[in-house]
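Structural features, examined
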Amino acid sequence: MAETTHTDITPDTPLDGGISALDEKARLGSATVGRASIDGFTEEGERLPGGDDGTEQLGFKKHSHGNAPVIPEASRGERRRSFDLADFPPLTGQEEDWRFTPLKRLRGLHTDDLTGPAPAIEVTGAGNVTVETVGRGDARLGKGATPEDRVSAAAWNAFSEATVITIPRETVAEGEVMVSITGRSAEPAAQYILIRAEQFSRAVVVLDHGGSVALAQNVEIVVEDGAELTVVSVQEWDDDAVHVSSQQAKIGRDARYKHVVVSLGGDLVRLTPSSIFSAPGAEVEMYGLYFADAGQHLEQRLLVDHATPNCTSRVTYKGALQGQDAHTVWVGDVLIRKAAEGTDTYETNRNLLLTDGARSDSVPNLEIETGLIEGAGHASATGRFDDEHLFYLMARGIPEKAARRLVVRGFLTEVIQQIRVPALEERLSESVERELAAGNL
């Protein structure tokens, strides 16, 4: 099993700002040495002799830091991937990937045939980008993404046609590509979208979700060598919507990929974004913003798979919660495989509880299979308003209610500003203001 590092978070951990002293302490590596030193490994990244590597028993291995047996798939790199639905047993809610998800609220996405009509798609924006509607037999589909769970596999087997968006080689898109996805039925449905950024192309693609649905969705993203692609996924569904989306990206040599998630609407929204490095020299940024109201369940489970050398990743997710039974989940998995020497990665998640009765689960996971890395770390914090921030603002004549809104707005703005689409940034800022007003904050 891969070694796992953890960052201890105290109630005094700051919720905003840059990389704090705690964040720096969590990072692995030394500026003077230039290599990370990890207990149990030689400088070359090989495991030292004499350690407890576990024993085989009924196909299980003992975890490297304990005696309790765990199944091999407990490691993120060993999770099952398959296009065959039969390879994923029916869900019970006890699976690691589903233990936070209220299965009864999935409206049959994990049990029923996905025969409902898929949401309507309208693509506008850049005229030099190719948009196609193709059948499920198109050879391009499934080359850059493989289902990792039962709902994703069900969606793969159920869709009849897919939308393919291609940014041609060496093309700079003329403005952002807006993909409006509008729900039109409450019946369980499947949808497939493929976004391809060919070599040395540049584009921003926005997936804008609205309406009412029960949707199992696969979004396959291919970023070829030297390309620069930003994908923004906005979830402003109606209050009754259920949306489960796998958004997998395969990143080529020296490519640049940014993924931004904004989840505000819906009854239950569960996103699983993945970034998988396929060649050296690539860079990935993943950002997320979510604001949960009473009764809402907003879940984000992401993966950064460092499978090749000399790649960089940064992950920043921020959430706010208000109201009884508002629930958010963030699980961040970063896997550094043995071949991924020279990796530089850091992930952070911060959550702001605005009222009593809300719950936030935050689980950062870091697996490292080589000691030859530039740096790796993670941090997580969940808390209430910073009393010092409020005191500072109120001492300057700002009423408490206005001060609280300023703190929340400043906390979330970092993510909104990463979109780099002015009209969309303004719209989402207004949506955050409405969320605050609805909570009477």
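Residues numbered from 1 in each chain as written. Predicted model: local features only at pLDDT ≥ 70, side-chain atom pairs only at ≥ 80, totals over all residues. Heavy atoms only, no water.

Moving on, we come to empty space enclosed by the protein. Using the criterion set out here, one finds four cavities of 30 Å³ or more in the structure. Considering only enclosed or pocket space, the largest cavity measures out at about 110 Å³ in volume. Taken together, 13 residues form the lining of the largest cavity, with Arg76, Asp97, Glu148, Thr272 and Arg301 sitting closest to its centre. Only strand E13 (268-277), strand E15 (297-306) and strand E17 (327-336) provide two or more residues apiece to the lining of the largest cavity. Examining the composition of the lining of the largest cavity, we find that four residues originate from one element, E13, more than from any other. Looking at the lining of the largest cavity residue by residue, the class counts come to three nonpolar, two polar and eight charged. (1 Å grid on protein atoms, 1.4 Å probe; cavity = no way out; pocket = protein on both sides within 12 Å on 5 of 7 lines; lining within 4 Å. Points joined across faces, edges and corners; volume = space filled by probe spheres on them. Helix = DSSP H or I, 4+ residues; strand = E, 2+ residues; numbered from the N terminus. Nonpolar A, V, L, I, M, F, W, Y, C, P; charged D, E, K, R; others polar.)

Quick look at the environment of Lys104 now. Position of Lys104 relative to the elements: it lies in the loop between strand E4 (69-70) and strand E5 (120-124). For the pair Lys104 and Gly93, spaced eleven residues apart in sequence, the C-alpha to C-alpha distance is 9.7 Å.

Bringing the side chain of Gln248 into the picture now. With respect to the helices, strands and loops of the structure, Gln248 is situated in strand E11 (residues 242-251). Judged by relative accessible area, which is 2%, Gln248 ranks as buried. At a separation of 2.7 Å, a polar atom in the side chain of Gln248 contacts the main-chain carbonyl oxygen of Thr146. Those residues in contact with Gln248 that sit more than four places away from it in its chain are Ala145, Thr146, Pro147, Glu148, Val219, Glu220, Ile221, Ser274 and Ile276. (Buried < 20%, exposed > 50% of the residue type's maximum accessible area, 1.4 Å probe, protein only. Polar contact = N/O pair within 3.5 Å; in protein donor to acceptor, adjacent residues only side chain to side chain. Contact = heavy atoms within 4.5 Å.)

To continue, consider the confidence of the model for the protein. When pLDDT is averaged along the protein, the result is 87; 83% of the residues meet or exceed 70. With pLDDT under 50 throughout, residues 1-37 is counted as low confidence; its partners more than four residues away or in other chains account for 84 contacts. Note on residues 49-72: pLDDT is under 50 here. Beyond four places in sequence and across chains, it has 26 contacts. (pLDDT = per-residue confidence, 0-100.)

In this structure, Gln191 sits in strand E8 (residues 177-197). Owing to a relative accessible area of 3%, Gln191 belongs among the buried residues under this scheme. Apart from residues lying up to four places away in sequence, Gln191 is in contact with Ala118, Pro119, Ile121, Ile181, Leu215, Ala216, Gln217 and Asn218.

This part is about the packing of aromatic side chains. Scanning the entire structure with this criterion turns up five aromatic pairs. Between the aromatic rings of Phe83 and Trp156, the centroid separation amounts to 4.7 Å while the plane-to-plane angle is 50°, which identifies the pairing as tilted. In this pair, Phe83 sits in the loop between E4 and E5 while Trp156 sits in helix H2 (residues 150-158), placing the two residues 73 residues apart along the sequence. By relative accessible area, Phe83 is classed as partly exposed at 29%. (Phe/Tyr/Trp six-rings, centres within 6.5 Å; stacked < 30°, edge-to-face > 60°.)

Contact pair helix H4 (residues 400-416) / helix H5 (residues 422-438): the axes reach a minimum separation of 11 Å and the direction vectors enclose 145°. Between H4 and H5 lies a crossing whose hand is right-handed. Residues Arg405, Val408, Arg409, Leu412 and Ile416 of H4 lie in contact with H5, whose contacting residues are Glu425, Leu428, Ser429, Val432, Glu433, Leu436 and Ala437. Here the contact of H4 with H5 is built from residues that sort into seven nonpolar, one polar and four charged. (Axes fitted to C-alpha atoms, helices over the stretch in contact; angles between N-to-C directions. Left-handed = near helix turned anticlockwise from the far one by under 90°.)

Taking burial as the measure, the 21 residues of E8 include 16 buried ones, the bulk of the element. Looking at chain direction, E5 and E8 are connected through five bridges and run antiparallel. Paired with Thr124 across the two strands is Met178, which belongs to E8. With five bridges connecting them, strand E7 (residues 161-167) and E8 associate as parallel partners. (Pairing = 2+ DSSP bridges.)

By the element assignment, Trp98 lies in the loop between E4 and E5. Aside from chain neighbours lying at most four places away, what touches Trp98 is Leu91, Gly93, Leu103, Leu106, Asp149, Val151, Arg270 and Arg301.

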